[in-house]
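# Tertiary structure, described
Listed below, chain by chain, are the residues.
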Amino acid sequence: MSAAASVASASGTSSGPPRAAGSSRVEGVDVARGLASLVMIQGHAYHGWVAPEHHDTVYAFTRVLGTLPLPAFLVLAGAAVMLRLQSAAKKREHALDVRNALMKRGAQLVGIGYAVNAVYALIDGAAGLHTWLRADVLHVIGLSLATSAWLGLPTKREVSSARYATRATLLAIAVTLACPWLSRLGADVPLALAPLAAPFVDVPRFSAMPFVPLFSWLAVGALAMHVLPRFRADSPIARRAGASGPALLALAGLGLALAFLGARSTSWLVEAIGGPLSRAHVAVIPNVLDLAGRGLLLLAVGAALSLVLPDRLRGAVVRLGQGSLVAYVVHIPFCYGRLAGPLLGGCDMGRATIALPFLIALSWGAVFARDALRERWRSRSARGATARAR
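Given the structure is predicted, the values throughout are model-derived calculations rather than measurements. (Residues numbered from 1 in each chain as written. Predicted model: local features only at pLDDT ≥ 70, side-chain atom pairs only at ≥ 80, totals over all residues. Heavy atoms only, no water.)

Within the protein, the secondary structure is distributed over 15 helices and zero strands. Its C-alpha radius of gyration of 21 Å places the protein within 12% of the 21 Å reference for a compact globule of 390 residues. Along the three orthogonal principal directions, the C-alpha set of the protein runs to about 65 × 45 × 45 Å. Residues classed as buried in the protein amount to 51% of the 390 residues present. Contacts in the protein between residues at least 24 apart in sequence constitute 79% of all its contacts with a sequence separation of at least 6. Placing the 38 positive and 18 negative side-chain charges of the protein at their respective mean positions leaves the two points 10 Å apart. (Helix = DSSP H or I, 4+ residues; strand = E, 2+ residues; numbered from the N terminus. Rg over C-alpha atoms; globule rule 2.2 N^0.38 Å. Buried < 20%, exposed > 50% of the residue type's maximum accessible area, 1.4 Å probe, protein only. Contact = heavy atoms within 4.5 Å. Lys, Arg positive; Asp, Glu negative; His and termini not counted. Charge placed at Lys NZ, Arg CZ, Asp CG, Glu CD.)

This brings us to the side chain of Ser161. For Ser161, the position within the fold is in helix α7 (residues 161-186). Here Ser161 falls in the buried class, since its relative accessible area comes to 15%. Once residues lying within four places of it in the same chain are set aside, the contact partners of Ser161 are Met82, Leu85, Gln86 and His226.

Another aspect to go through is the nonpolar core. Membership of the largest hydrophobic core comes to 109 residues, with the highest contact counts inside it found for Trp49, Ile141, Tyr164, Phe215 and Trp217. Looking at this core element by element, the count peaks at 13 residues for helix α3 (residues 69-91). (Core = buried A, V, L, I, M, F, W, Y, C linked by side-chain atoms within 4.5 Å.)

On to a nonpolar patch on the surface. A contiguous nonpolar surface patch, about 310 Å² in accessible area, is contributed by Leu170, Ile173 and Leu177. With respect to the helices and strands, the residue Ile173 is situated in helix α7. (Patch = residues over 30% accessible without salt bridge, like charges linked within 9 Å, V, L, I, M, F, W, Y side chains within 5 Å. Areas by Shrake-Rupley, 256 points an atom, 1.4 Å probe, with all protein chains shown as cover. Salt bridge = Lys/Arg side-chain N within 4 Å of Asp/Glu carboxyl O.)

On to the packing of helix α9 (residues 211-227) against helix α12 (residues 284-305), then. Close contact between α9 and α12 brings their axes to 10 Å; oriented N to C, the two are set at 40°. With respect to α12, the element α9 is oriented oblique. The way α9 lies across α12 gives a crossing that is right-handed. Along its contact with α9, which presents Pro213, Ser216, Trp217, Val220 and Ala224, the element α12 presents Val288, Leu291, Ala292 and Leu296. Residue composition of the contact of α9 with α12, grouped by class: eight nonpolar, one polar and no charged. (Axes fitted to C-alpha atoms, helices over the stretch in contact; angles between N-to-C directions. Parallel < 35°, antiparallel > 145°, perpendicular 65-115°, else oblique. Left-handed = near helix turned anticlockwise from the far one by under 90°. Nonpolar A, V, L, I, M, F, W, Y, C, P; charged D, E, K, R; others polar.)

Attention now moves to α7. The α-helix advances 3.6 residues per turn, and as a result positions three or four apart in sequence lie on the same side. Between its first and last C-alpha, α7 extends only 33 Å over 26 residues, short of the 38 Å set by a 1.5 Å rise per residue. When the local axis directions of α7 are compared, the greatest deviation, roughly 60°, occurs at Cys179, which is followed within four positions by the proline Pro180. (Expected span 1.5 Å × (residues − 1). Bend = angle between axes of the 7 residues up to and from the residue.)

For the rest of this paragraph, the subject is the side chain of Gln42. If you trace the backbone, Gln42 turns up in helix α1 (residues 27-49). Taking relative accessible area as the criterion, Gln42 reaches 10% and is therefore assigned buried. Among the polar contacts listed, one links the side chain of Gln42 to the backbone oxygen of Val39, at a separation of 3.1 Å. The contact partners of Gln42, leaving out residues within four places of it in the chain, are Thr62, Leu65, Gly66 and Leu356. (Polar contact = N/O pair within 3.5 Å; in protein donor to acceptor, adjacent residues only side chain to side chain.)

A separate point is the confidence of the model for the protein. Mean pLDDT over the protein: 92, with 93% of residues reaching 70 or higher. Note that residues 7-23 has pLDDT below 50 and, in this model, 59 contacts with residues that lie over four places away or in other chains. (pLDDT = per-residue confidence, 0-100.)

Once that is clear, we can look at the packing of helix α6 (residues 137-152) against α9. Relative to each other, α6 and α9 sit at 70°, their axes nearing to 10 Å. Comparing the axis directions of α6 and α9 gives the class roughly perpendicular. As α6 runs across α9, the sense of the crossing is right-handed. Where α6 abuts α9, its residues Val140, Leu143, Ser144, Leu145, Thr147 and Ser148 lie against Phe211, Leu214, Phe215 and Leu218. Counted by class, the contact of α6 with α9 contains seven nonpolar, three polar and no charged residues.

Another aspect to go through is the environment of Arg157. By the secondary structure assignment, Arg157 is in the loop between α6 and α7. With 191 residues separating them along the chain, Arg157 and Asp348 place their C-alpha atoms 58 Å apart. Beyond its immediate chain neighbours, meaning those up to four positions away, Arg157 contacts Ala95 and Arg163.

So, on to unusual backbone geometry. For the bond running from Val212 to Pro213, omega is 10°, close enough to zero to count as cis. The residue Pro213 is located in helix α9 in this model. Pro276 follows Gly275 through a cis peptide bond whose omega is 5°. Structurally, Pro276 can be placed in the loop between α11 (245-273) and α12. Of note, Arg92 is a non-glycine position whose phi angle comes to about 55°, a positive value. With respect to the helices and strands, Arg92 occurs in the loop between α3 and α4 (95-124). Arg92 sits in the exposed class, given a relative accessible area of 70%. With phi around 75°, Arg205 is a residue other than glycine that occupies positive phi space. Examined against the element boundaries, Arg205 turns out to sit in the loop between α8 (194-197) and α9. Classification of Arg205 by relative accessible area gives exposed; the value is 57%.

Spelled out as structure tokens, the structure:
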């Protein structure tokens, strides 16, 4: 089990999908986000549905896949921010406007995170204050967006993606190195302060996904998308995927190398120092690198898939990627909550596999329904504005 990001439990979530608002769209990033959503759904479904006595080798493989979405969503959020900044720099947008927009989006995601906690508590009941005020994936992505925008964007000068990437990287190094020490402090936070500290550091029961050290993956995504355009030839392939084929291959190789070295170093440190592995253990530092590599790998694979998927399928995956927040919110109660019914903890791998396509269809359908309602609302608003103008 990863220390940097704990796997979902029966009362919580492990990964989430939001994106930066207003970002310049690159299909490769959206396909990667859609792929991460599919991997997330299968991981949660098997984890929530398969009974312990059926935790065989195939199930273990689904758990390995289940480690990919959380770092990938943060990597992709960082990549989306960098695309937004690159677009803003070309358009000479005011840096303060871009900064405020990103900070506002971050605050919205934190608010949505607490609203989602409340909805799940109403569906399945609350086990205590931590059920309502738990800091989860939406909180950490929102907090990471807001913090990086506040730190990395100026208020008066023009937008500089290089400055943002540099400052985000330095902050990522700092929070990763400080994670073991800060996590030990978090364990002693008084109950009255736990909800306030939980989004930032690991506080027992209140922190599922804290800023320290998970912010590091957003910074990794931003840095990757800052570097990739240097290898982005002006070709249809590069415009769709976000980078040239060789650059994506190099990114995948880097991801694999980080994952391999991080995993081996984590295991070595745990064996040398003793366990268990946790965010307070020094082995969390290579563990962060391990999962960063997995996130980069999924970004590279998703971007490459955008080049080979048939148009209609690619469009559907892009739609899922752009609406991954909806898919995330919808599918969780059917994996871990009351809505799972007899599937919850009562399946073998075969039965869970038969049920999985229905959950994917439900989640995907919710995205299409959201988009249809949004388009209907926009059309109605446009007709109203036209009528008033007359």
